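# Structural characterization, general
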Amino acid sequence: MSSTFFLIALIAINVIVSFKGFEDTYFFRKYQFHIGSILKGEQIRMITSGFLHADISHLAFNMLTLYFFAPVVSTALGNYSFLLIYFASIVFGSLLTLFIHKNDYNYSAIGASGAVTGIIYSAILIDPSLKIFLFFIPIPIAAYLFGIGYLLYSIYGMRAKNDNIGHTAHFGGAIGGYIFSIILHPQILTENTFMVVILTIPIIIMAVMAKQGKL
């Protein structure tokens, strides 16, 4: 099967599940990430929450970002490695969220952002020269600047706590994408050493802030 098939399938699943959540509050509540429910044994939420979204704009942003970055990963590493990184990033995102918010039983979150951030990090590690266009900027910008900026924005979201988006999962996803990309393609360590180092900066900032209790 072509890489396009896997990508479209993932996007379709996200769209179907998200729209079901938009229309069915019970479905949304049953499958969102919720600390109290997970600690009671509903670990399935750690996966299903990665396919729910807050609204259409949240869904569209994540799916457009995935659409642009995913081909870099699937072309370089293959379809199954791409899927492994995608789902590993969901799991890492959920695990980090559970760790940081374990004492807040009412904490809840949704979104594919963890998986998407993992794919962004993977794509940048594979192709450091990658550039992207943003709607409001008429010139291409380096993808690694977008990736770092995306995580720095996530720090703001984690501190503000003014929405239901899984900002903490962005970091877990980035860590998952980072680790599994290197495992699956270890040449990255020697071929793109500078990028391997620079992409750790927002992760280190998050870790320091978490240790200081600022998140």
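Provided above is the structure to which this section pertains.
In what follows, the accompanying structure is described. Bear in mind that the values here come from a model prediction, so they are computed numbers and not experimental data. (Residues numbered from 1 in each chain as written. Predicted model: local features only at pLDDT ≥ 70, side-chain atom pairs only at ≥ 80, totals over all residues. Heavy atoms only, no water.)

This brings us to the overall build of the protein. When helices and strands are counted, the protein shows twelve helices and four strands. Taking 17 Å as the expected radius of gyration for a compact globule of 215 residues, we find that the protein reaches 16 Å, a close match to that expectation. Principal-axis analysis of the C-alpha atoms gives the protein an extent of 45 × 45 × 35 Å. Burial analysis of the protein (215 residues in total) assigns 51% to the buried set. Long-range contacts, defined here as pairs at least 24 residues apart, represent 76% of the contacts in the protein between residues at least 6 apart. Summing over all exposed atoms, the protein offers an accessible surface of approximately 10500 Å²; the carbon and sulfur share of this is 68%. The protein carries 11 positive and 8 negative side-chain charges, and their two centres are separated by 11 Å. (Helix = DSSP H or I, 4+ residues; strand = E, 2+ residues; numbered from the N terminus. Rg over C-alpha atoms; globule rule 2.2 N^0.38 Å. Buried < 20%, exposed > 50% of the residue type's maximum accessible area, 1.4 Å probe, protein only. Contact = heavy atoms within 4.5 Å. Areas by Shrake-Rupley, 256 points an atom, 1.4 Å probe, with all protein chains shown as cover. Lys, Arg positive; Asp, Glu negative; His and termini not counted. Charge placed at Lys NZ, Arg CZ, Asp CG, Glu CD.)

Using the criterion set out here, one finds one cavity of 30 Å³ or more in the structure. Roughly 130 Å³ of internal volume is contained in the largest cavity. Forming the walls of the largest cavity are 15 residues, and the residues nearest its centre are S49, G50, S94, G111 and A169. Per element, the largest residue contribution to the lining of the largest cavity is four residues, and it comes from helix 6 (residues 79–100). In terms of residue class, the lining of the largest cavity is built from seven nonpolar, eight polar and no charged. (1 Å grid on protein atoms, 1.4 Å probe; cavity = no way out; pocket = protein on both sides within 12 Å on 5 of 7 lines; lining within 4 Å. Points joined across faces, edges and corners; volume = space filled by probe spheres on them. Nonpolar A, V, L, I, M, F, W, Y, C, P; charged D, E, K, R; others polar.)

This next bit is on the environment of T75. If you trace the backbone, T75 turns up in helix 5 (residues 56–77). For T75, a relative accessible area of 65% puts it in the exposed group. Within the structure, the side chain of T75 is placed 2.7 Å from the backbone oxygen of P71, a separation counted as a polar contact. (Polar contact = N/O pair within 3.5 Å; in protein donor to acceptor, adjacent residues only side chain to side chain.)

Counted at 1.5 Å a residue, the expected span for helix 7 (residues 113–126) with its 14 residues is 20 Å, and the 20 Å between its end C-alpha atoms agrees. Taking burial as the measure, the 14 residues of helix 7 include 14 buried ones, the bulk of the element. (Expected span 1.5 Å × (residues − 1).)

Moving on, we get to the packing of aromatic side chains. The tally for this structure, following the rule as stated, stands at twelve aromatic pairs. Aromatic pair F92 and F180: ring centres 5.9 Å apart, planes at 90°, arrangement edge-to-face. One end of the pair, F92, is in helix 6; the other, F180, is in helix 9 (residues 167–184), with 88 residues separating them in the sequence. An aromatic cluster is present here, built from F51, F82, Y86 and F87 joined pairwise through their rings. Stacked on the ring of F27, the Lys or Arg K20 has its end atom at 5.8 Å from the ring centre. Here the basic side chain of K102 rests over the ring of F99, its NZ or CZ set 4.4 Å away from the ring centre. (Phe/Tyr/Trp six-rings, centres within 6.5 Å; stacked < 30°, edge-to-face > 60°. Lys NZ or Arg CZ within 6 Å of the ring centre and 35° of its normal.)

The next thing to look at is the environment of I175. For I175, the location among the structural elements is in helix 9. Between the C-alpha atoms of I175 and L96, which are 79 residues apart in sequence, the distance is 9.5 Å. When sequence neighbours within four positions are dropped, the list of residues in contact with I175 reads F92 and I203.

Between side chains of opposite charge, pairing is possible as soon as their charged atoms come close. Inspection of every chain in the model, using the stated rule, returns two salt bridges. One salt bridge connects D24 with K20, and the closest N-O pair in it is separated by 3.3 Å. The partly exposed category is assigned to K20, whose relative accessible area is 37%. Note that E42 is salt-bridged to R45, the shortest N-O span being 2.7 Å. Classification of R45 as buried rests on a relative accessible area of 7%. (Salt bridge = Lys/Arg side-chain N within 4 Å of Asp/Glu carboxyl O.)

Here we come to the packing of helix 8 (residues 143–160) against helix 12 (residues 201–211). At a minimum axis separation of 9 Å, helix 8 and helix 12 run at an interaxial angle of 20°. Judged by the inter-axis angle, helix 8 sits roughly parallel to helix 12. Classified by chirality, the crossing of helix 12 by helix 8 is right-handed. Across the interface between the two elements, I148, L151, L152, I155, M158 and R159 from helix 8 touch P202, I205, M206 and M209 from helix 12. The class makeup of the residues in the contact of helix 8 with helix 12 is nine nonpolar, no polar and one charged. (Axes fitted to C-alpha atoms, helices over the stretch in contact; angles between N-to-C directions. Parallel < 35°, antiparallel > 145°, perpendicular 65-115°, else oblique. Left-handed = near helix turned anticlockwise from the far one by under 90°.)

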